[in-house]
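# Structural description and commentary
Each chain, letter by letter, is given below.
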Amino acid sequence: MRLVPALLATAALAGCTVGPDFHRPAPPATSAYLPAAEQQPTAPGQPLASSGIGPEQRWWQAFGSPELDTLVDRAIAHNYSLAASNATLAAACDELRAVAGRQLPQIDANARIEQEQVNLSAFGFAASPALGLSGNPEFHLYSVGGGISYDLDLFGGLRRQVEQSAARAEAQQRQTEAAHLTLAGQVVNQVLTVAAIRARIATAQAILVDDQRNLDLTAKRRQGGEGTLVEVLNAQSQYTADRGALPPLEQQLAEARHLLATLVGVAPTDLGPSDFDLGRLTLPASVPVTLPSTLVHKRPDILQAEADLHAATAGIGVATARLYPDITLGATLTQGAPGVDNLLKNAFRGYDVFAGLAAPIFHGGTLKAERAAAVDRAHASNATYQQTVLNAFEQVANLLSALQTDANSLAMQRDAVTVASRSLALSRRSFQVGNSGILQVLDSERLYQRASADLVDARARQYLNVARLYVATAGGWTETPPQHAGG
């Protein structure tokens, strides 16, 4: 009982937590992604970037394709990489609960059965039959008991460990959120890629129709005595060359569909219809863009870097606490008797109450070096966080610039196709009336072919960059406390 006041006084000291407290980095002072010199009026056909809280959940619905929506849902439900990330998050939450459990009293029970032989001579007792001491007696010993111990955590080492583990679990949660966001973006990008390749194939097939038309025309002219074999061979050569462009495009389409199936989590044979067409997809007229001050509290990769910084900061406290003494309180109760029938009697009971002190005296500088390493890791995490923010701002700025350039490029490519189409029509007319040769037609056709392919690429690039902007501004995610916060 005299020990109780001392234990209470010692417990009163508990609650001191060494090491720096984590403070969330301040949001950036900048209010825009692009410098004023690069901000231009909206071009015709350019989606409007409206600043605010950013894209809503299920942002991919802005493309107006129920088939695309279904594929994204299937991917989120069945993608194996995402399932692995979810399982890793569950493991991190379990580890947090394991660390947090060390803050509570630790209670253990034990039971033991022994067969013992006592060497009386070793304790200075000679055999004495009169006293019942003969030889080295053998007997059974039964014991049951338990103990309780509690680490006072005087300097907050355990508390910092829990804080560090919670931050690591949060980092894993943010990584899982980033995996969801990235997967949705990959599915959308792959769908747009499939649609773009199919548009290129359609363009190539239309060009082949024109090539066949040229070949038929030159053959008829030769049969009529107005053309030459050279013109026929030139037209046939152009047809053969353009036909050779189809197999690589078909292979690209097959590979794009196979990758889409992998993202969805199925074999290529189980993907189902994937005949996406750019003409059946809607280009969003407006893209909600997250403000810079909001993006740092919304984008998962930035939040993951912030959680890593939090964990590194808590690590300083963990290392600092090892430099100070630690006190453990405890008690044990043991019942031991040579027979089972006497095991629970008071006469065979023993207990102890204790307070243990462990204090570092000399470790060759190891503990101080470990704390210095923890400080260095925190500095590294802070630099990583700052770089992650800058990388995110750069990505959003590049995509905002792309909205303008894509619209201008698309308009120019449409003009190029219009001009090339008129030139091709005039060249054919001139060839038909005998004012020019087939080479002029073929040259005009090559220009038209290149302009048509570039127009398809410009359209696809505009769709892809809009989708990437949704992902870059953390479409579908809002800042939420980690799911494991309750322990």
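Residues numbered from 1 in each chain as written. Predicted model: local features only at pLDDT ≥ 70, side-chain atom pairs only at ≥ 80, totals over all residues. Heavy atoms only, no water.

### Some details on the overall build of the protein
Which entries qualify depends on this criterion: Where helices and strands are cited, they refer to DSSP runs of H or I of at least four residues and of E of at least two residues respectively, numbered from the N terminus. Here the globule rule reads 2.2 Å times residues to the power 0.38, and the radius of gyration is calculated from C-alpha atoms. Note on classification: 1.4 Å probe, protein chains only; a residue is buried when its accessible area is under 20% of the maximum for its type, exposed when over 50%, partly exposed between these limits. Contacts between residues were defined by any pair of non-hydrogen atoms, one from each residue, lying within 4.5 Å. Surface accessibility in these figures is a Shrake-Rupley result with a 1.4 Å probe; residues are shielded only by whichever protein chains are displayed. Positive: Lys, Arg. Negative: Asp, Glu. His and the chain ends are not part of the count. By convention, the point assigned to a charge is CZ for Arg, NZ for Lys, CD for Glu and CG for Asp.
Looking only at helices and strands, one finds 10 helices and six strands in the protein. Computed over the C-alpha atoms, the radius of gyration of the protein is 38 Å, more than 25% above the 23 Å expected from 2.2 N^0.38 for a compact globule of 487 residues. Taken over the C-alpha atoms alone, the protein extends approximately 145 × 55 × 45 Å along its principal axes. In the protein, which comprises 487 residues, the proportion classed as buried is 40%. For the protein, the proportion of contacts with a sequence separation of at least 24, taken over those separated by at least 6, is 85%. Counting only carbon and sulfur atoms, one obtains 56% of the accessible surface of the protein, whose full area is about 26,100 Å². Put simply, the protein has 37 plus and 44 minus side-chain charges, and the middle of one group is 5 Å from the middle of the other.

### With respect to the pairing of strand E5 (residues 326–337)
A regular strand places its side chains so that they alternate between the two faces of the sheet. Cut-off, in case you're wondering: For two strands to count as paired, DSSP must find a minimum of two bridges between them.
The sheet contact formed by strand E3 (residues 138–151) and E5 spans 10 bridges and is antiparallel. Paired with Val 144 across the strands is Gln 335, a residue of E5. Alignment of E5 against strand E6 (residues 349–358), held across 10 bridges, turns out to be antiparallel. Looking at the pairing, Thr 328 lines up with Gly 356 of E6.

### Structural notes on a nonpolar patch on the surface
The condition is simple: Nonpolar side chains (Val, Leu, Ile, Met, Phe, Trp, Tyr) are joined into patches within 5 Å and like charges within 9 Å, using only residues with over 30% relative accessible area and no salt bridge. We count a salt bridge whenever a side-chain nitrogen from Lys or Arg sits within 4 Å of a carboxyl oxygen from Asp or Glu.
Among the surface-exposed residues, Leu 333, Tyr 351 and Val 353 lie close enough to one another that they form a single nonpolar patch of about 330 Å² accessible area. Within the secondary structure layout, Tyr 351 lies in strand E6. For Tyr 351, a relative accessible area of 65% gives the class exposed.

### Examining unusual backbone geometry
As a rule of thumb, non-glycine residues mostly have phi less than zero, and peptide bonds are mostly trans rather than cis. Look at Arg 58: it is not a glycine, yet its phi comes out positive at around 60°. Mapped onto the fold, Arg 58 is located in the loop between strand E1 (48–52) and helix H2 (66–78).

### Topic: the side chain of Ser 409
Relative to the assigned elements, Ser 409 resides in helix H9 (residues 366–432). Apart from residues no more than four positions distant in its own chain, Ser 409 is found in contact with Ala 458 and Arg 461.

### Quick word on the nonpolar core
Nonpolar side chains tend toward joint burial in soluble globular proteins. Our working rule: Remark: nonpolar core denotes a set of buried residues (Ala, Val, Leu, Ile, Met, Phe, Trp, Tyr, Cys) joined through side-chain atoms within 4.5 Å.
If you look at the biggest cluster of nonpolar residues, it comprises 63 residues, and the most contacted ones within it are Trp 59, Phe 63, Val 187 and Val 188. For this core, the elements supplying multiple residues, two or more each, are H2, helix H4 (157–223), helix H6 (246–264), strand E4 (286–290), helix H8 (300–321), H9 and helix H10 (438–472). The biggest single contributor to this core is H4, with 15 residues. Not counting chain neighbours up to four residues away, the residues in contact with Val 188 comprise Trp 59, Trp 60, Phe 63, Leu 68, Val 72 and Ala 467. The next biggest cluster of nonpolar side chains, apart from the first, holds eight residues, and it includes Leu 215, Ala 235, Leu 424 and Leu 442.

### Concerning the side chain of Thr 313
Put simply, the test is: For the purposes of these results, a polar contact is taken to be a pair of N or O atoms within 3.5 Å, where, inside protein, one atom must be able to donate a hydrogen and its partner to accept one; residues adjacent in sequence count only when each atom of the pair is a side-chain atom.
Along the chain, Thr 313 falls in helix H8. Within the local environment of Thr 313, its side chain forms a polar contact with the backbone oxygen of Leu 309, the two atoms lying 2.8 Å apart. Dropping the residues within four chain positions of it, Thr 313 is found in contact with Pro 20, Asp 21, Phe 22 and Ala 378.

### Re the environment of Leu 469
Here Leu 469 is to be found in helix H10. Expressed as a C-alpha distance, the spacing of Leu 469 and Gly 101, which sit 368 residues apart in the sequence, is 43 Å. Those residues in contact with Leu 469 that sit more than four places away from it in its chain are Val 287, Val 289, Val 396, Leu 399, Leu 400 and Leu 403.

### A short note on the packing of helix H5 (residues 229–243) against H10
Rules: Helix axes are fitted to C-alpha atoms over the stretch in contact, other axes to C-alpha atoms as well, and angles between N-to-C directions run from 0 to 180 degrees. For classification, angles of less than 35 degrees are called roughly parallel, those exceeding 145 degrees roughly antiparallel, those between 65 and 115 degrees roughly perpendicular, and all remaining angles oblique. In this scheme the handedness of a crossing depends on how the near helix is turned from the far one: anticlockwise by less than a right angle means left-handed, clockwise means right-handed.
Axis separation between H5 and H10 bottoms out at 9 Å; the angle between their running directions is 15°. Between H5 and H10, the crossing angle belongs to the class labelled roughly parallel. When you trace H5 past H10, the crossing you get is right-handed. Only Ile 438, Leu 439, Leu 442, Glu 445, Arg 446 and Gln 449 of H10 make contact with H5, whose side of the interface consists of Glu 231, Asn 234, Ala 235, Gln 238 and Asp 242.

Interpretation note: all reported values are geometric properties and have no functional meaning in isolation.
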